[in-house]
Every structure is written in structure tokens, then in C-alpha cells.
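The chain contents come next:
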Amino acid sequence: DENGVLKTASFNVPRFDHDPTTGESLGLLIEESGTNLFTYSENFDSWGTAYRTTISLNVAISPSGQLNASKFNVTTDTGYHARSFSITGGTYTVSIFAKAGEYDGIQITGSNTNQDHACFNLVNGTAYHSGTNVTNIKIQNYGNGWYRCSARLPLTNGNLFVAITDGTTTSWLPSFAGSSATDGIYIWGAQIEAGSFATSYIPTSGSTVTRDDDDAVIK
């Protein structure tokens, strides 16, 4: 992230890290290899089952500086409001960029127990609750109201849920009646990876994508 815009680099081009809040240069970015296992990291309509939610594509400026962020809307039905993604069961690090709309919160969770969820407030920028099975819960400010929310959690039966919340509840997949079918939050840039922490964002558009490890050589 540089000057509030998340940038990418071409193959064999060095990447320089910046503090997403201040823009301060953090030097050369050296990372291990990583794979984004989401086949559609920005088109959330291509995920699995929608639970009392709809997606409006390309309605907001994302951290990339482009008009490619989605609105994640509730419906007025009573129940939890979420989108699911299916993957081989295991423990993964999940991250997603999110911004408050009419609702203030987002939850990342598995579907096995009440101890597999992480809760984030998108107004005050806090990761305010997590179950006992969740580690490395983190929220990073990317400017313009955007936060990258991440957590490592077990997906024992292979089901991941991303849910809309009020930003205060600690309950697992909270149930409520949506206020309006156009109310929700903004989302972009989802990533799921096998490693123990979230690495830099890897866009996908139909298949998983692997970023090679970084090698720096002084000549």
C-alpha cells in the first residue's frame, strides 16, 4: 500500500512495503511463496451459497484505487446474513478487505463450533472478539474506511462463512432481520491460504493463484 492505494508488481520486479496507515516506506518486501485458494477473490457472486444476502458488484472504490469493490447486502429476512465458500477441511488463514456501510461489522467463521469465529468492527478498526480456536486475528487500516481483516481458524468440515454484523455482537453467525435490502458493508480482495499468517494480497479470477517466494540478491 502506497499513498492509500494497494499496488501490485510484475514478475521479477521488486516490491516495497509501506505502512498502510501513514504511507511510510518499510523497505523491500520479502515473502515466502503463497497461494490464494479462493478461485474468485473479488467476484463474491461466484462463491458458494448465499444466506439472506445479495452482492452488488463494482459499486465502490477498492484499496486498489479502482471501481471494483462490492456491496455485501442483507435481506429483510430473519436469520444470519452470510456467504459461504467450500474448501478441503483444515486450518487456514483467511483475510478480506472490508468497509462499513449501513452495518458496522464483519465476522469470519467456520461452521463447526462457537469457538471458530473472529469479529471485527469496521468503524473503530478493532478485532474485538475471537473464539478459542482462532489465532492471529488482526485488522489493518488501509485508509478511506477500508480495513484488512484476517484470522487463522479451523474449517473442520470445509465450510467458511463471511457474515455481516452490527460490529458489537460476539455471537456466532448472529441472527437478525435486515433493516433494508440495500443495506450492508463493502468487501473486496478475499484470500485464504494454508500458512499461519496473512501474506500480501494475491488476486484471482477463476482459479487459485500462487505467488513465488521473493529472493533478493546483492551484486
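Counting starts from 1 at the beginning of each chain's written sequence and moves along it residue by residue. Owing to the predicted nature of the model, reporting of local features is limited to residues with pLDDT of at least 70; listing and counting of side-chain atom pairs is limited to 80 or more, with chain, interface and lining totals taken over all residues. Excluded from the side-chain calculation are hydrogens and water; included are all heavy atoms of the structure.

Colleague: Where do I start with the side chain of Asp-116 in this structure?
Modeller: Helix and strand assignments come from DSSP, with helices taken as H or I runs of at least 4 residues and strands as E runs of at least 2, each series counted from the N terminus. Along the chain, Asp-116 falls in the loop between β10 (105-110) and β11 (117-121). Here Asp-116 is buried and forms no salt bridge, its nearest opposite-charge partner Arg-152 lying at an N-O distance of 12 Å. One polar contact links Asp-116 to Asn-133, side chain to side chain, over a distance of 2.7 Å. Residues in contact with Asp-116, not counting those within four places in the same chain, are Ile-108, Thr-109, Gly-110, Asn-133, Val-134, Leu-153 and Pro-154. The cut-offs for exposure are 20% and 50% of the maximum accessible area for each residue type, with area from a 1.4 Å probe on protein chains only; residues under the lower value are buried, those over the upper are exposed, and the others partly exposed. Under the counting rule used here, the positive set is Lys and Arg, the negative set is Asp and Glu, and His together with the chain ends is not counted. Salt bridge, as used here, is a side-chain nitrogen of Lys or Arg placed within 4 Å of a carboxyl oxygen of Asp or Glu. Identification of polar contacts relies on pairs of N or O atoms within 3.5 Å, with a donor-acceptor requirement for protein atoms, meaning one able to donate a hydrogen and the other able to accept it, and with residues adjacent in sequence counted only if both atoms are side-chain atoms. When checking whether two residues touch, look at their non-hydrogen atoms; a contact exists if any pair is within 4.5 Å.

Colleague: Looking at this structure, how should I read the sheet that holds strand β4 (residues 50-51)?
Modeller: The pairing of strands in a sheet happens through backbone hydrogen bonds and is either parallel or antiparallel. Taken together, the 6 strands give an open sheet; going across it, the order is β4-β8-β15-β10-β11-β12, and neighbouring strands pair in antiparallel fashion. In this open sheet, the two edge strands, each paired with only one partner strand, are β4 and β12 (126-130). Should DSSP find at least two bridges between two strands, the strands are taken to pair. Relative to β11, β10 runs antiparallel, the two sharing 5 bridges. For Ile-106, the partnering residue across the bridge sits in β11 and is Phe-120.

Colleague: Help me understand the packing of aromatic side chains in this model?
Modeller: When we look at a pair of aromatic rings, we describe it by the centre distance and by the angle of the planes. Each aromatic pair joins two rings of Phe, Tyr and Trp (for Trp, the six-membered one) with centres within 6.5 Å, and gets the label stacked for planes under 30 degrees apart, edge-to-face for over 60, and tilted for any other angle. Taken as a whole and judged by the stated rule, the model has 12 aromatic pairs. With 5.1 Å between their ring centres and 80° between their planes, Phe-97 and Tyr-142 make a pair best called edge-to-face. Here Tyr-142 lies in strand β13 (residues 135-143) and Phe-97 lies in strand β9 (residues 90-99), a separation of 45 residues in the sequence. Residue Phe-97 shares its accessibility class with Tyr-142, and that shared class is buried. A ring pair is formed by Phe-97 and Tyr-201, whose centres lie 6.0 Å apart and whose planes are at 75°; its orientation type is edge-to-face. Taken together, the residues Phe-97 in strand β9 and Tyr-201 in the loop between β17 (184-193) and β18 (209-211) connect sequence positions 104 residues apart. For the pair formed by Phe-97 and Tyr-201, the shared burial category is buried. Through successive ring pairs, a cluster of aromatic residues spans Phe-38, Phe-44, Trp-47 and Phe-85.

Colleague: What am I meant to see in the sheet that holds β9 here?
Modeller: Strands sit in the order β5-β6-β17-β9-β14-β13 across an open sheet of 6 strands; the sheet is antiparallel. Here the strands that pair on one side only, and so sit at the sheet edges, are β5 (53-61) and β13. On average, each strand axis in the sheet is inclined to that of its neighbour by 35°, with strand direction left out of account. In the sheet, β5 pairs with strand β6 (residues 67-74) via 6 bridges, with the strands oriented antiparallel. Its bridge partner lying in β6, Ile-61 is registered against Leu-67. In this analysis an axis means a line fitted to C-alpha atoms, helices contributing only their contacting stretch, and an angle means the value between N-to-C directions, from 0 to 180 degrees.

Colleague: What is the right way to read the pairing of β17 from this model?
Modeller: It is a general feature of regular strands that their side chains alternate between the two faces of the sheet. Most of β17 is tucked away, with 9 of its 10 residues classed as buried. Relative to β17, β6 is paired through 4 bridges, and the arrangement is antiparallel. Counterpart to Phe-72 in the pairing with β17 is Ile-185. Pairing analysis gives 6 bridges linking β9 to β17, with the strands arranged antiparallel. When the sheet's bridge partners are listed, Ser-95 is paired in β17 with Gln-191.

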